[in-house]
Amino acid sequence: MFETQVKTDSSRFERNQKAVAELVAQVRNQEEIIQQGGGAKAVESQHKKSRLTARERIALLIDPGTEFFEIGSFVAWGMYEEWGGAPSAGVVTGLARVQGRLVMLIVNDATVKAGAFFPMTAKKVIRAQNIAIENHIPTIYLVDSAGVFLPLQEDVFPDTDDFGRVFRNNAVMSAMGIPQIAAIMGMCVAGGAYLPLMCDHILMTEGSGLFLAGPALVQAAIGAKYSAEELGGAKMHSQISGTVDFREPDDESCIARIRQLVDKMGNRQLGVFDRKEPEPPLFAAEEIYGIFDGDPARQYDMKEIIARVVDGSQFSEYKSEYGETVLCGYARIGGFAVGVVANQKTHVQQVDHAGNKRMEFGGVIYTESAEKAARFIMDCNQNLVPLVFLHDVNGFMVGRDAEWSGIIRAGAKMVNAVSNSVVPKIAVIIGGSFGAGHYAMCGKAYDPRFLFAWPTAKYAVMAGASAAGTLVEIKIKQLERGGKKLSEEDRKKLYDEVKATYDEQTDPRYGAARLWIDKIIDPADTREAIITALEAASLNPDVPKFSVGVLQT
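Residues numbered from 1 in each chain as written. Predicted model: local features only at pLDDT ≥ 70, side-chain atom pairs only at ≥ 80, totals over all residues. Heavy atoms only, no water.

**A few points about the pattern of salt bridges**
Cut-off, in case you're wondering: In the sections that follow, a salt bridge refers to a side-chain nitrogen of Lys or Arg positioned within 4 Å of a carboxyl oxygen of Asp or Glu. Numbering of helices and strands runs from the N terminus, with a helix taken as a DSSP run of H or I at least four residues long and a strand as a DSSP run of E at least two residues long.
Tallying each qualifying case throughout the model produces 31 salt bridges. Across the pair Arg247 and Glu206 runs a salt bridge whose closest N-O atoms are separated by 2.3 Å. Placement of Arg247 in strand β8 (residues 246-248) and of Glu206 in the loop between β6 (201-205) and β7 (209-211) is noted, with a sequence separation of 41 residues between them. Of the charged contacts, one joins Glu317 and Lys303 as a salt bridge, the two residues approaching to 3.1 Å between their closest N and O atoms. Pair noted here: Glu317 is in strand β9 (residues 316-317) and Lys303 is in helix α12 (residues 302-307), with a separation of 14 residues, a long-range link. One network of salt bridges, in which partners are shared, links Arg12, Arg15, Asp293, Asp295 and Arg298.

**Some words on the pairing of strand β11 (residues 336-343)**
Selection rule: For the exposure calls, accessible area comes from a 1.4 Å probe over protein chains only, and a residue counts as buried if that area is under 20% of its type's maximum, exposed if over 50%, partly exposed in between. Two strands pair if DSSP finds at least two bridges between them.
Counting buried positions along β11 yields eight of eight residues, so the element is predominantly enclosed. Side chains Phe336, Val338, Val340 and Ala342 project from β11 onto one buried face, and the interleaved Ala337, Gly339, Val341 and Asn343 project onto a second face that is buried too. Relative to β11, strand β10 (residues 326-333) runs antiparallel, the two sharing eight bridges. Pairing of Leu327 across the sheet is with Ala342, part of β11. Linking β10 to β11, which pair antiparallel, is a turn of two residues; within it Gly334 sits at a positive phi near 65°. As paired strands, β11 and strand β15 (residues 387-393) are joined by four bridges and run parallel to one another. Residue pairing across strands places Val341 opposite Phe389, the latter belonging to β15.

**Some words on the nonpolar core**
Rule in force here: For this analysis, a nonpolar core means a set of buried residues of the types Ala, Val, Leu, Ile, Met, Phe, Trp, Tyr and Cys, connected via side-chain atoms within 4.5 Å. Contact definition: two residues touch when any of their heavy atoms are within 4.5 Å.
Counting residues in hydrophobic clusters, the biggest one holds 72 residues, and the most contacted among them are Leu95, Met104, Met302, Ile306, Ile333 and Phe452. Per-element accounting of this core gives the leading share, seven residues, to helix α4 (residues 119-135). The residues contacting Phe452, other than those within four sequence positions of it, are Phe69, Ile426, Ala427, Val428, Ile429, Ile517, Lys519, Ile521, Ala529, Ile530 and Ala533.

Written as structure tokens, this is what we have:
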């Protein structure tokens, strides 16, 4: 279907390839450091207790030969440095296959501050639960946590996206019929003790503790002295309180028991989305490295990216000659029928209603492209076709001609269609994703089931250079009003400082640290990531009625 042009300019291809590969390697190296958790000494301490680490438990739990699709590995990256950091927020979450079933894993990492809950830990667990809720994914919790990180309790305890929401979600998931299994494989104390009790099955290993208050707190509160085992050990909860369903001698037997339980789960009705036998793209995924150009001044053809993601490289483009800066079309990815909405990065020449020719810039959403995309999104909802959004967007067009053409009205249509869309939405930020363009392309605030980003992504209200220039001008005017004149050297220094700060905040790792992004993916793995997301979405057969309300026509 595609006549690929990727190596027409071999020097540019090689330059792009090198730049993207370096970024991918940098992110991968940082991820490997994050995966070390609290470090070698903390791992050794965990092993001395005859306990496995979080990642060792995951490796043992998932099906042999399958991979763990980690979500949120960069959460809390660069945060809590005054407390020694919290790699991956002290909890590992992601999708995996257990006995052939797709499940969500939420696993405390006791090598990071004894698995204590930092503010971002609670938010990360809640995000994983929300993914499970939206997609009806069975969930397994491997609990090994000291509870709330007390120095930051005010940011962990009270709000709707804080610690208590975890247990509320447990109850909601149970009521929805989403299976939940909790295994206590270490400490489970205070409010955190409610998590396993809200699940369908509770397992506990010898040497673990489950209590609302530990021995020291009980002694301080009521003056009674008990051992941890007597107060809340596995034997007591198995024989006396009857709280746990299965008492296991160690981590290995506990994980084997979990696999047995998952194996006996019934099968619920799958989603209503069409899937056929998948076929690979005609072109190598690794060629994406050379196609993508991160320089905003240069163009590249988004169709070349799509050709390396969709089945058979077949893309049925919708209204191909109209509103060409947004590509819309039907395809299959991993056999799933999908609608693709993507920003085209090549400049295109258009003719207006008066017959005048004009150049439209790639990555910008114009009135025609917004209206086309809105209609396409509505068509996909009408026909139960999941949506995939590929972002490289500068925003909506501005200026007199754009305003006269009704850009605000057209943009509102697109935002309305995205907002009210009921089919699964999956977003991938591959380049820039700025301002209202981010919203219209199903940004984080518009409930994508999953939001992925390439290491090349830039994510902010506007591009770094534009934002820095605006902020510097404001600062200079403030200083001048105070009677201070800046030299050209001072102006440049101020600009460089502001731009460096802004660029740091547009980095996808900054967004991933704050859960604005679920996962930073290798561009060559885009197809596999989308397939995993579609497989998760297909577990939920419930699709609400589609309605957009009032559209400004």
